[in-house]
Amino acid sequence: APSENSQLPLAGKHALVTSGPTIEPIDSVRFIANHSSGKQGHAIAAALARQGATVTLVCGPVTIDPPLGVKLVSVDTAQQMYDACMAALPADIAVCAAAVADWRAQSPQDHKMKKQAADIMTLNLVKNPDILATLGHHQQRPDLLIGFAAETENLETNAQQKRKAKNCDWIVGNLVTTSSGADLSDDLVFGHDKNTIILVRDGTSEAWPQMPKTDIADKLVAAMITTLHQKST
Ligand code: CTP
Ligand code: CA
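First, a word on what this report is: a plain description of the structure on this page. What you see is a predicted model, and the numbers here were worked out from it, not measured in a lab.

Section: the overall build of the protein
At step 1: Across its full length, the protein holds five helices and 14 strands.
At step 2: The C-alpha atoms of the protein give a radius of gyration of 18 Å, which matches the 17 Å a tight globule of 233 residues would have.
At step 3: Over its C-alpha atoms, taken along the principal directions, the protein stretches across nearly 70 × 35 × 30 Å.
At step 4: Taking the intrachain contacts of the protein between residues at least 6 apart in sequence as the baseline, contacts between residues at least 24 apart amount to 64%.

Concerning the pairing of strand β9 (residues 144-151)
At step 1: A large share of β9 lies buried, amounting to six of its eight residues.
At step 2: Summarising the sheet, strand β6 (residues 93-96) and β9 pair through four bridges and their orientation is parallel. Counted as the bridge partner of A94 is L145 from β9.
At step 3: Relative to strand β10 (residues 170-175), β9 is paired through six bridges, and the arrangement is parallel. Each residue of the ladder has a partner; that of E151, found in β10, is L175.
At step 4: The handedness of the β9 to β10 crossover, carried by helix α4 (residues 155-165), is right-handed.

Section: helix α2 (residues 78-88)
At step 1: Among all positions in α2, only A78, M81, Y82 and C85 are buried. Take α2 and look down its axis: the buried residues cluster within an arc of 100°, on one side only.
At step 2: Contact partners of the buried residues in α2: β1 (14-19), β2 (23-27), β4 (54-59), β7 (103-105) and α3 (131-136).

Points about the site of ligand 1
At step 1: Around ligand 1 sit 15 residues in total, of which C96, V100, I131, L132 and G147 are the nearest.
At step 2: Those elements giving two or more residues to the shell around ligand 1 turn out to be α3 and β9.
At step 3: A per-class count over the shell around ligand 1 returns nine nonpolar, three polar and three charged.

Brief notes about the nonpolar core
At step 1: Counting residues in each nonpolar core, the largest one holds 54 residues, and the members touching the most others are V17, I44, A45, L48, V55 and M81.
At step 2: Broken down by element, this core gets its largest block of residues, seven residues, from helix α1 (residues 39-50).
At step 3: Among residues more than four places away in sequence, those in contact with I44 are V17, V95, A97, A217, L220 and V221.

Procedures and definitions
Residues numbered from 1 in each chain as written. Chains lettered and ligands numbered in written order. Predicted model: local features only at pLDDT ≥ 70, side-chain atom pairs only at ≥ 80, totals over all residues. Helix = DSSP H or I, 4+ residues; strand = E, 2+ residues; numbered from the N terminus. Rg over C-alpha atoms; globule rule 2.2 N^0.38 Å. Contact = placed C-beta atoms within 7 Å. Buried ≥ 20, exposed ≤ 12 C-beta atoms within 10 Å, placed from the backbone. Pairing = 2+ DSSP bridges. Right-handed = clockwise from strand over helix to strand, strands pointing away. Arc of directions from axis to C-beta. Near = placed C-beta within 6 Å. Nonpolar A, V, L, I, M, F, W, Y, C, P; charged D, E, K, R; others polar. Core = buried A, V, L, I, M, F, W, Y, C linked by C-beta atoms within 7 Å.

Keep in mind these values describe shape, not function.
In structure tokens, the structure reads:
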């Protein structure tokens, strides 16, 4: 007899979600990272699972718990996240919500680097692979590919450009501002339970009112279900 889950709208679909930051070692005690709580990505993974999808959640270091009912793959670096995503293919849906470090140290040291006499320290960085762009141009491109764009300015223009450059279907854009110092108390988005987004789909952009990240996840997944249904008919 068919299980209860087989009645759900995303039954039989595999969804790949990236979430959280990546961290890139400089030496054995230091790393480069991005702000990301993983809350939005995790909420999307949870919402996909609730609608019946088989979910692979590839996640950088976060403090929040993984949602129930998803396959969790924990990683540290962008390269590991990239490898885990490629290994998870094929996927019907992919959502890249992770804040991937754009750069990694060229030569991470396996001991603690000591201070030198000079007041200036130079670190060579090399670019990390772009997971979303790779998925967008992949032979096994997911049917529905969704990226994020965190911007401090020109949100819509930048989001549109990213959608084209990475060949994804939608970009979820949000403005982020944070004080340049370590004080994150007045920032937008990072670590918060609410978010304000725009949804960019083929040239059009829709501004959503501020709402809890869990509600954004539910609404995004509802839109995914509608779109996949249209594609298949
Ligand atoms: N992304 C990714 N792999 C990377 C960098 C980004 O998969 N190495 C994904 C993010 O998960 C997000 C989207 O690409 O879905 C946009 O990330 P963002 O940092 O906003 O854009 P970048 O292309 O990295 O450009 P920039 O940081 O210069 O704005
Ligand atoms: Ca980036």
